[in-house]
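Here are the chains, one letter per residue:
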Amino acid sequence: MHSLNRLSSETSPYLLQHATNPVNWFAWGDEAFETAKRENKLMLISVGYSSCHWCHVMEREVFSNQQVAEFMNDHYVCVKVDREERPDVDQIYMNAVQIITRSGGWPLNCFTTPEGKPVFGGTYFPKESWMDVLKGLNETWQNEPERVIEVAEELTQGVRQTQIVSKQNEEGKISVRNLKEYVENWTRYFDSRFGAHKGAPKFPMPGSLSFLLQYAKFFADEKIFDHLKLTLGKIVQGGIYDHIGGGFFRYSVDERWDVPHFEKMLYDNVQLIGLYSSAYEHYKNDYYKNAVYQTIEFLRRELRSPEGGFYSAIDADSEGEEGKFYTWSKGEIENILGGNAEIFSVAYGISAAGNHLGKNVIQVAASARETACVFALSEQDVVKSLDDSRAKLFNARAVRPRPVTDDKIILSWNALAVTSLVKAYQVFNEPSFLNDAVSCIQFIENKLFTTDGTLNRIHCKGKTSVPGFLDDYAFLIQSYIALYQTTFNEIYIEKAHSLTQKTIDNFYCSSTGMFYYSKSEHDNLITRKMEITDGVIPSSTAVMAENLLVLSVYFRDSKLHEMASQMLANMRNELVKGGPYVFKWAEVYMKLFAEPIEVLTSGQNAAAIQQEIASGSNFPFLVPAVYSNETKLPIAEYPVNDGEIKLCFRQACQKPSKDVSEVISFINEQGVNG
């Protein structure tokens, strides 16, 4: 065991995984940069995260090697970065490595000048290749430093020009035709056999599926509905879903959703809770409902902190082997389940050969009805047998050595959890889901707000750190809006409005009409970037545009509407070019041209009426509000009689109605005509 290095004083589980390396690691900060400048050494910026399999491999094979470490310590200033703590640093050096190699991933290793300007980089390196890089780059730095500096300047310019959007003429509005063409072009990538996109690996991409569901509802597009049904079914019945303990794994390594990469991430799971809740509203599929309930139970059991926030991830590896905690041999299944093993094996595809390195990743192979036919049993008997078997396997699994949990609590991911838990409450009317959401928002307010009302990003091991990024602000505003639209407690929408002003003050770029991802106060960055494209997590800039659009209606604030419209105008060409990585922008465009339908109610049953309208409507931009004598919301300034529903749409209000079905019909007619 090596003595501890500087990282031993950090809280990040990823940094602590490197605290016993013989490498003289620095955490990101002034000390590292000052040392590099003083000693005139190149820097290594090495980025990863705690549940990253290949990060573990490189840590064991390379960074734990004494000979390698000695060379690194002698010739480089080496910095370890947790990408979940510092996504701004990750974004910059990922851009650089993508320019250099045309690909990216983690671990991310980027060599830079003492000022942090990128020179060379890549992802995973075996030991021999790593030593070649270290020696060759150091030799060039010692003998031809001007050549290295020239490359660094070129790369830095390249990085500064990516993910930056210029101001466009706001007249360049998107049309219904543009949006339909965007989705039609997207369908060329659909996998008609296994859902999602063609090829492997396969990521669930909950945000893009959520957009497609809204689109299909608005335009009554059966082709999209069919694709979603296929995709959602394959995911929730495949090996990417944990049928024993609930929750979704990170992605499938194959195109069939059979074998996952076994890490479990908070941001995946909470977004999939929201997606499957929304999907249940339309399809009424019990697999979807079960996945929502089981995944929320998984969050409570394995990721919720005692104070109400949610931890960020569970590792893929245990006992040095990926997926060992989650996979089973046929012999293990038979020993644990006894007489029920055969029924379970048919239902979940258990075989002696297995489907992953001689073991079985559990997945649905036959429905309860199909299994009942095989064994000439009633469907109820099979369901009971399978329930009992899953419980026995869960208990058996619980005594295995567990994968490590990353106990960082990340604001933006927790805000996503709030929004999705609220959605699950809206759909299933389960009070505990709303309680979980409120508990989480209280944690955020207690631990991650500063005294001046700005945000911190990370709470870990009792310490709060890292000033918030745009996603922390945007997703928290979004969650406050969701809480208002469910509880109609005006304090939530007021907090959303107040935090929006803080966001504008700290992140808005008036020359482009967009938002930067980081505040200017973030240290040692070679540039400020924008987060434009959508990934597994939607673009924080697009979410901010949506927030501005929604809040402009509640507060009758034309400036917020103009800001959102400008952002969308700036992104018009990106949408017209198409592709699946601007789906959140497409969703906000859909709201913009649909225009809001304001839904006002009043009285004791106002919230229940609002939920009934929301769940029965296909329109993408409902703005619900509840009138009371105490209301301070500009949208609800005019009285509404108890039990009545007033709709306002395109600068005209409809005659108030007490008939919910009549109101839903009116709303859905606007959707069909959209």
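What you are looking at is a predicted structure, and each value in this text was computed from that prediction instead of being measured.

Draft legend 1. Quick peek at the packing of aromatic side chains. Summed over all chains, the structure comprises 39 aromatic pairs. Centre to centre, the rings of phenylalanine 63 and tryptophan 130 are 5.9 Å apart; their planes meet at 80°, and the pair counts as edge-to-face. Within this pair, whereas phenylalanine 63 is found in helix H3 (residues 53–63), its partner tryptophan 130 is found in helix H6 (residues 127–143), the two being separated by 67 residues in sequence. Among the residues examined, phenylalanine 63 registers a relative accessible area of 1% and is labelled buried. On the accessibility criterion, tryptophan 130 (0% relative accessible area) is buried. The structure contains a cluster of three or more aromatic residues connected by ring pairs, namely Tyr182, Trp186, Phe190, Phe211, Tyr215, Phe218, Phe219, Phe619 and Phe649. Here arginine 83 stacks its cationic end above the ring of tyrosine 49, 5.5 Å away from the centre of that ring.

Draft legend 2. Main features of the pairing of strand S14 (residues 456–460). Most of S14 is tucked away: 5 of the 5 residues are buried. In terms of strand pairing, strand S13 (residues 409–410) meets S14 through 2 bridges, oriented antiparallel. Paired with isoleucine 409 across the bridge in S14 is histidine 459. Sheet topology places S14 next to strand S15 (residues 463–467); 4 bridges connect them, and they run antiparallel. Residue pairing across strands places histidine 459 opposite threonine 464, the latter belonging to S15. Two successive antiparallel strands, S14 and S15, enclose a turn made up of 2 residues, where lysine 461 displays a positive phi of approximately 55°.

Draft legend 3. Here's a closer look at the packing of helix H4 (residues 66–75) against H6. The interhelical angle for the contact between H4 and H6, taken along N-to-C directions, is 20°, at an axis separation of 11 Å. Relative to H6, the element H4 lies roughly parallel. Seen from above, H4 lies across H6 with left-handed handedness. When H4 is examined against H6, the residues Val68, Phe71, Met72 and His75 are found in contact with a partner set consisting of Lys127, Trp130, Met131, Leu134, Lys135 and Asn138. Residue classes in the contact of H4 with H6 are distributed as 6 nonpolar, 2 polar and 2 charged.

Draft legend 4. Molecular detail of the packing of helix H9 (residues 206–219) against helix H10 (residues 222–237). At a closest axis distance of 9 Å, the pairing of H9 and H10 adopts a crossing angle of 145°. When the axes of H9 and H10 are compared, the crossing they make is left-handed. Across the interface between the two elements, Leu209, Leu212, Leu213, Tyr215, Ala216 and Lys217 of H9 pack against Ile224, Phe225, Leu228, Thr231, Leu232 and Ile235 of H10. Residue composition of the contact of H9 with H10, grouped by class: 10 nonpolar, 1 polar and 1 charged.

Draft legend 5. Summary view of the nonpolar core. Within the largest apolar cluster, 161 residues are counted, with the highest numbers of intra-cluster contacts made by Leu179, Tyr182, Phe211, Tyr554, Trp585 and Ile613. Those residues in contact with tyrosine 182 that sit more than four places away from it in its chain are Phe211, Leu575, Gly578, Gly579, Pro580, Val582, Phe583 and Ala586.

Draft legend 6. Region of interest: the sheet that holds strand S9 (residues 313–314). Taken together, 3 strands build an open sheet; the order of strands is S8-S9-S12 and the sheet is antiparallel. Edge positions in the sheet fall to strand S8 (264–265) and strand S12 (405–406), since each has one partner strand and no second.

Draft legend 7. Highlighting the state of the cysteines. All chains considered together, the criterion is met by 2 disulfides. The side chain of cysteine 52 participates in a disulfide bridge whose partner is cysteine 55; the two sulfur atoms lie 2.3 Å from each other. Every disulfide takes its handedness from the sign of the S-S torsion; for cysteine 52 and cysteine 55 that torsion is 80°, giving right-handed. For the pair cysteine 52 and cysteine 55, a shared accessibility class is recorded, and that class is buried. Cysteine pairing for the chain (bonded cysteines numbered in sequence order): 1-2, 3-4. Considering cysteine sulfurs only, cysteine 78 is the nearest to cysteine 110, which forms no disulfide, with 13 Å between them. Classification of cysteine 110 as buried rests on a relative accessible area of 0%. Here cysteine 440 stays free of any disulfide, with the sulfur of cysteine 460 as its closest cysteine sulfur at 15 Å.

Each value, and the rule that gives it
- Residues numbered from 1 in each chain as written.
- Predicted model: local features only at pLDDT ≥ 70, side-chain atom pairs only at ≥ 80, totals over all residues.
- Heavy atoms only, no water.
- Phe/Tyr/Trp six-rings, centres within 6.5 Å; stacked < 30°, edge-to-face > 60°.
- Helix = DSSP H or I, 4+ residues; strand = E, 2+ residues; numbered from the N terminus.
- Buried < 20%, exposed > 50% of the residue type's maximum accessible area, 1.4 Å probe, protein only.
- Lys NZ or Arg CZ within 6 Å of the ring centre and 35° of its normal.
- Pairing = 2+ DSSP bridges.
- Axes fitted to C-alpha atoms, helices over the stretch in contact; angles between N-to-C directions.
- Parallel < 35°, antiparallel > 145°, perpendicular 65-115°, else oblique.
- Left-handed = near helix turned anticlockwise from the far one by under 90°.
- Contact = heavy atoms within 4.5 Å.
- Nonpolar A, V, L, I, M, F, W, Y, C, P; charged D, E, K, R; others polar.
- Core = buried A, V, L, I, M, F, W, Y, C linked by side-chain atoms within 4.5 Å.
- Disulfide = S-S within 2.5 Å.

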